[in-house]
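Structural overview
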Amino acid sequence: MPATPRSRSQARTTRPWILSGMDFADTRRKPNFTGKIAVAAALTVMCIIVLKQSPGFSGTSVFSRHEIGVTHVLVTGGAGYIGSHATLRLLKDNYRVTIVDNLSRGNMGAVRVLQRLFPQPGRLQFIYADLGDAKAVNKIFSENAFDAVMHFAAVAYVGESTMEPLRYYHNITSNTLTVLEAMATHNVNTLIYSSTCATYGEPDTMPIVETTPQNPINPYGKAKKMAEDIILDFTKSKKSNMAVMILRYFNVIGSDPEGRLGEAPRPELREHGRISGACFAAALGIVPGLKVHGTDYHTADGTCIRDYIDVTDLVDAHVKALDKALPGKVGIYNVGTGQGRSVKEFVEACKKATGASIEVSYFTRRPGDYAEVYSDPSKIHRELNWTAQYTDLGQSLSQAWKWQKDHPNGYGSA
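Read on for a plain summary of the structure. (Residues numbered from 1 in each chain as written. Predicted model: local features only at pLDDT ≥ 70, side-chain atom pairs only at ≥ 80, totals over all residues. Heavy atoms only, no water.)

1. A short note on helix H11 (residues 343-354)
To keep it simple, the criterion reads: Strands are runs of DSSP state E lasting at least 2 residues, helices are runs of H or I lasting at least 4, and numbering of each runs from the N terminus. Any helix carries an expected span of 1.5 Å times its number of residues minus one.
For H11, which comprises twelve residues, the first-to-last C-alpha distance of 16 Å matches the rise-based estimate of 16 Å (1.5 Å per residue) to within 8%. Phi turns positive, to about 70 degrees, at Gly355, one or two residues after H11.

2. Thoughts on the environment of Pro377
As a reminder of what qualifies: Residue contacts follow a heavy-atom distance rule, with two residues in contact if any of their heavy atoms lie within 4.5 Å.
Of note, Pro377 is situated in the loop between strand S13 (360-363) and helix H12 (378-384). Those residues in contact with Pro377 that sit more than four places away from it in its chain are Gly336, Thr337, Gly338 and Trp386.

3. Describing the state of the cysteines
What counts here: Sulfur atoms of two cysteines make up a disulfide when they are within 2.5 Å. Accessibility here uses a 1.4 Å probe with only protein chains present; expressed as a share of the type maximum, an area under 20% marks a residue as buried, one over 50% as exposed, and anything in between as partly exposed.
Evaluation of the coordinates by the stated rule reveals one disulfide. Paired by a disulfide, Cys279 and Cys350 hold their sulfur atoms 1.8 Å apart. Negative torsions about the S-S bond denote left-handed disulfides, and the value of about -120 degrees found for Cys279 with Cys350 makes this one left-handed. Here Cys279, found in helix H9 (residues 275-283), pairs with Cys350, found in helix H11; they are 71 residues apart in sequence, far enough to count as distant. For the pair shown, Cys279 and Cys350 are each scored as buried.

4. Things to note about the environment of Glu258
Examined against the element boundaries, Glu258 turns out to sit in the loop between strand S7 (251-253) and H9. On the basis of relative accessibility, which here comes to 56%, the residue Glu258 falls in the exposed class.

5. Thoughts on the packing of aromatic side chains
Note the following rule: Planes of paired rings set the category: under 30 degrees apart is stacked, over 60 is edge-to-face and the rest tilted, where pairs are Phe, Tyr or Trp rings (Trp by its six-membered ring) whose centres lie within 6.5 Å. Charge over a ring is defined by NZ of Lys or CZ of Arg lying within 6 Å of the ring centre and within 35 degrees of the ring normal.
Per the counting criterion, the structure on display carries five aromatic pairs. Ring centres of Tyr168 and Tyr220 lie 6.3 Å apart, and the angle between their planes is 85 degrees; on these two criteria the pair is classed as edge-to-face. Of the two residues, Tyr168 sits in helix H7 (residues 165-185) while Tyr220 sits in helix H8 (residues 219-235), which places them 52 residues apart along the sequence. Across the pair, Tyr220 and Tyr168 agree in class, each one buried. Look at Tyr308 and Phe346: their rings are 4.6 Å apart centre to centre, the planes differ by 35 degrees, and that puts the pair in the tilted class. With a gap of 38 residues between them, Tyr308 in strand S10 (residues 308-310) and Phe346 in helix H11 connect regions that are remote in the sequence. On the basis of relative accessible area, Tyr308 is assigned to the buried category, the value being 9%. We classify Phe346 as buried; its relative accessible area is 0%. Directly above the aromatic system of Tyr362 lies the positively charged group of Lys344, at a separation of 5.6 Å from the ring centroid. Over the aromatic face of Tyr297 sits the side chain of Arg365, whose NZ or CZ is 4.1 Å from the ring centroid.

6. Focus: the side chain of Ser240
What counts is decided by this rule: For this analysis, a polar contact is any N or O atom pair within 3.5 Å, provided that within protein one partner can donate a hydrogen and the other can accept it, and provided that sequence-adjacent residues contribute only side-chain to side-chain pairs.
Topologically, Ser240 is positioned in the loop between H8 and strand S6 (243-249). Residue classification places Ser240 among the buried residues on the basis of a relative accessible area of 15%. In terms of polar contacts, Ser240 uses its side chain to reach the backbone amide nitrogen of Met242, at 3.2 Å. Those residues in contact with Ser240 that lie beyond four places of it in its chain are Phe234 and Thr235.

7. Let's talk about the pattern of salt bridges
So the rule is basically this: When a carboxyl oxygen of Asp or Glu is within 4 Å of a side-chain nitrogen of Lys or Arg, the pair counts as a salt bridge.
A full pass over the atoms with the stated rule returns 17 salt bridges. The partner of Glu258 in a salt bridge is Arg260, and the shortest N-O contact between them spans 3.4 Å. Across the pair Lys320 and Asp316 runs a salt bridge, and its minimum N-O distance is 3.1 Å. Here Lys320 and its partner Asp316 are both found in helix H10 (residues 311-324), four residues apart, which amounts to about one turn of the helix. One salt-bridge network, held together by shared partners, links Arg89, Asp93, Asp316 and Lys320.

Below, the structure written as structure tokens:
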């Protein structure tokens, strides 16, 4: 169940209007047109006051005030692949959600799906804004009564980060600082931060635990670690009583089991995107084949080993983290299955899921990639009672493929 907002979050109460007999003493002696006007005017004024207090009245948005029993979550990057799935889960669990996204990687089609599913007033609003604009971010916080923030918004491709490192430091590290400053200014004290296993780099031993040293080897991982450090430093200050959960997750796959949402990467980003997206694009004939980078790693079949986590499990971890977040406390968790799968294994599973004959071409390693990464999820199971449920790689890919077939042009297919 959604957490109850703080005591300062209590909703405003409507002051009762009392119409006494004395007010109409004169009209009783003269039950004429003047008396009727007086009664009508009084009732009209009362109705206007009641309407202004009503959640549906446009003059006062329900998003701008706290309400007892309602938790209002800001989801940055909520139009993206993971953020949209997280928003869906939050709305299903009766949270109030505001999405902020600049649509540089997100998709307005996903937002429209969510709006159709939850059309009731006060459930969901979308704000087009760039987190790099500090004034815009501060305005959003000043006009909305947030109880918590789930911060997903980020560029997130390892290969691209090696070619555009400054963009990654701005987009991830600097923008996280902007969000954190706005939270501090407006007394929003719960943060669920979307981090990554890329902060670990290439550890000497597997599986990765939360205390594994963080030595990122690409700008994406470095930018995320810097953002983590900023958050952690702030929580140690006397000015902070923030509840923080940092989720370092692994390679995300899959889509909504009911087929309402999926992954729709921009065409120009397919080369840098997730391997599942590249595999589906090849199966649909959008691209001529699948490119696999690196066959000379020190692994059983020479290709990278990754821990593939289904997006439904991932958002479940976020909701559990939100529910367990405590003021003045920081939780750091790996979110993965604990199973490592090679890229070649993944490709074969993708071929089987799609039923397509996918041509695979092998190339040299991509800068910034690492040989082997998979998690030990013991801590998150122990402390948040979370365990991955969708661990069948083929099943996750089949579900994602069904959405891709039904939406060959992404959300534009609808």
